[in-house]
Amino acid sequence: MTDAVPKTSSRWQRVAYAFYIIVAVVLVFIIPSTAKIVAITGWLLVWAIFNTWKRDWAGCFGGWTSFSIFLITVLASWVNSATMSQSHVQDSYQIRYAIKDSLRSLDEFHKEHERYPDSLKSWQKEFPQVRDFAVDPWGRSLLYTVDHDSFHIGSLGRDGVSGGVGLDTDWFYDSTTRFDDGPWPFAPDMPLPLWQFMFNTPSSSSIPLGAVPLGLIAGYAVRKESQGVTKITRSIIFKTGTVTLIAAVVSTYLAIFHIALSQTGH
Amino acid sequence: MPFRYLRDPVFLTCLAAYFLNWTLEEFSLSPVLAQCYLNDLICIPFWIPIMVCVAKKLGWRSHDCRPDIIEIVIPLIMFAAVFEVILPSTAMFRNRTIADPYDVQCYVLGAVVANWLWRRMYDTHTASAS
């Protein structure tokens, strides 16, 4: 804002801003994960709208910056868990492979003894390595039940109780409906995680710990450097337009050339 | 002190860091943390000097001051939204990009640090010169 007239913020503005930061930081620590995201998003949005309504342009720019950073972080987390290799898909694959390895081991057991093991304990006694692979993504041993020449093996999902959706889905293999060909016809396709599932996972619920302080610091820097802005001038609008245009060109270049060559996807 | 654009020390440091990391990656010597987050960390201080240089050449920038807050925040928000939310949601880029919330935080951290460094380097010199 080089064309701005220098102006210091009034005392009430500083007090109000301190109150804004204290509430945002307190929200990070005291509210459970799902409600925390909603509360912080709401609080940052209210502050941005309030400053816009008051025509406090420094506070307005700072408020919208903090809100945008936090919102984009939350959306990135949502897209991540819905599409890529984080908790949801990883857990899904981990449990499939746990069952797949267990089936291989049960086949070996069956070949040697012409029956399936009576219990998980007797199976582990014969094949000690079962303890390593017959485990669900949440660290619990797979559940195994046998009835004559058929068996069930699987997991009750993240919640450890029967029923549920998303990561709480029950994953069970029933040997009577076994398919020897085809990849995994028995495995239920897990639905995309709901908001509450995503934010209840430890990695997702820790996001506000980083996003809120960084968003507030960025908002503070924007607010500080915008102190002298008393109105939205044509030069500010022109600058915003030109910077947006150049940033769009750079984004396109990076999407075409950099991402295609990137090995990590980051 | 006028902004040094493509000879700015912060930009040159980021450029060197990028090529060092790229070289290490070629020999599989780059740490995983650097592979995942270094480019995100240096993204803003690397691209902003190039962008303001282009704006200057096109006659869209009338001064040689350090990048101001609009020139930093708009690319920050755009890059974060495009690379961490929009592209990973599309079918074409879903398998090529990772929507990582920590990437967004790296962009922000890089922008905050770069802005602080530019303030110290260029504003201090201006103040002492006057």
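All values reported here derive from a predicted model rather than from experimental measurement.

Participant: Would you explain the overall build of chain B in this entry?
Facilitator: Counting secondary structure elements, chain B contains 4 helices and 0 strands. Overall, chain B shows an N-to-C arrangement of helices and strands of α-α-α-α. Classification of the 130 residues of chain B by burial places 50% in the buried group. A total of about 6,400 Å² of accessible surface is found on chain B, and carbon and sulfur atoms cover 68% of it.

Participant: Would you explain a nonpolar patch on the surface in this entry?
Facilitator: Residues and elements named next belong to chain A. Residues I22, V25, V26, F29, I30 and L209 make up a contiguous nonpolar surface patch of about 580 Å² in total accessible area. Top contributing element to the nonpolar patch by residue count: helix 1 (residues 11–30), with 5 residues. Mapped onto the elements, V26 comes out in helix 1. By relative accessible area, which is 37% here, V26 ends up partly exposed.

Participant: I keep staring at the nonpolar core and nothing clicks. Help me out?
Facilitator: One recurring pattern in soluble globular proteins is that nonpolar side chains are buried together. Among the nonpolar cores identified, the biggest contains 56 residues, and W47, M51, F79, F83 and W118 of chain B are the most heavily contacted of them. Take this core: its biggest share by element is 13 residues, from helix 3 (residues 69–89) of chain B. Aside from chain neighbours lying at most four places away, what touches M51 of chain B is V243, I246, A247 and V250 of chain A together with P75 and F79 of chain B.

Participant: Before we go on, may I ask you to explain unusual backbone geometry in this structure?
Facilitator: As a rule of thumb, non-glycine residues mostly have phi less than zero, and peptide bonds are mostly trans rather than cis. Even without glycine at this site, R55 of chain A takes up a positive phi of about 55°. Examined against the element boundaries, R55 of chain A turns out to sit in the loop between helix 2 (33–53) and helix 3 (57–83). The exposed category is assigned to R55 of chain A, whose relative accessible area is 61%. Positioned with a positive phi, Y5 of chain B is a non-glycine residue whose angle comes to about 50°.

About the criteria used
Residues numbered from 1 in each chain as written. Chains lettered and ligands numbered in written order. Predicted model: local features only at pLDDT ≥ 70, side-chain atom pairs only at ≥ 80, totals over all residues. Heavy atoms only, no water. Helix = DSSP H or I, 4+ residues; strand = E, 2+ residues; numbered from the N terminus. Buried < 20%, exposed > 50% of the residue type's maximum accessible area, 1.4 Å probe, protein only. Areas by Shrake-Rupley, 256 points an atom, 1.4 Å probe, with all protein chains shown as cover. Patch = residues over 30% accessible without salt bridge, like charges linked within 9 Å, V, L, I, M, F, W, Y side chains within 5 Å. Salt bridge = Lys/Arg side-chain N within 4 Å of Asp/Glu carboxyl O. Core = buried A, V, L, I, M, F, W, Y, C linked by side-chain atoms within 4.5 Å. Contact = heavy atoms within 4.5 Å.

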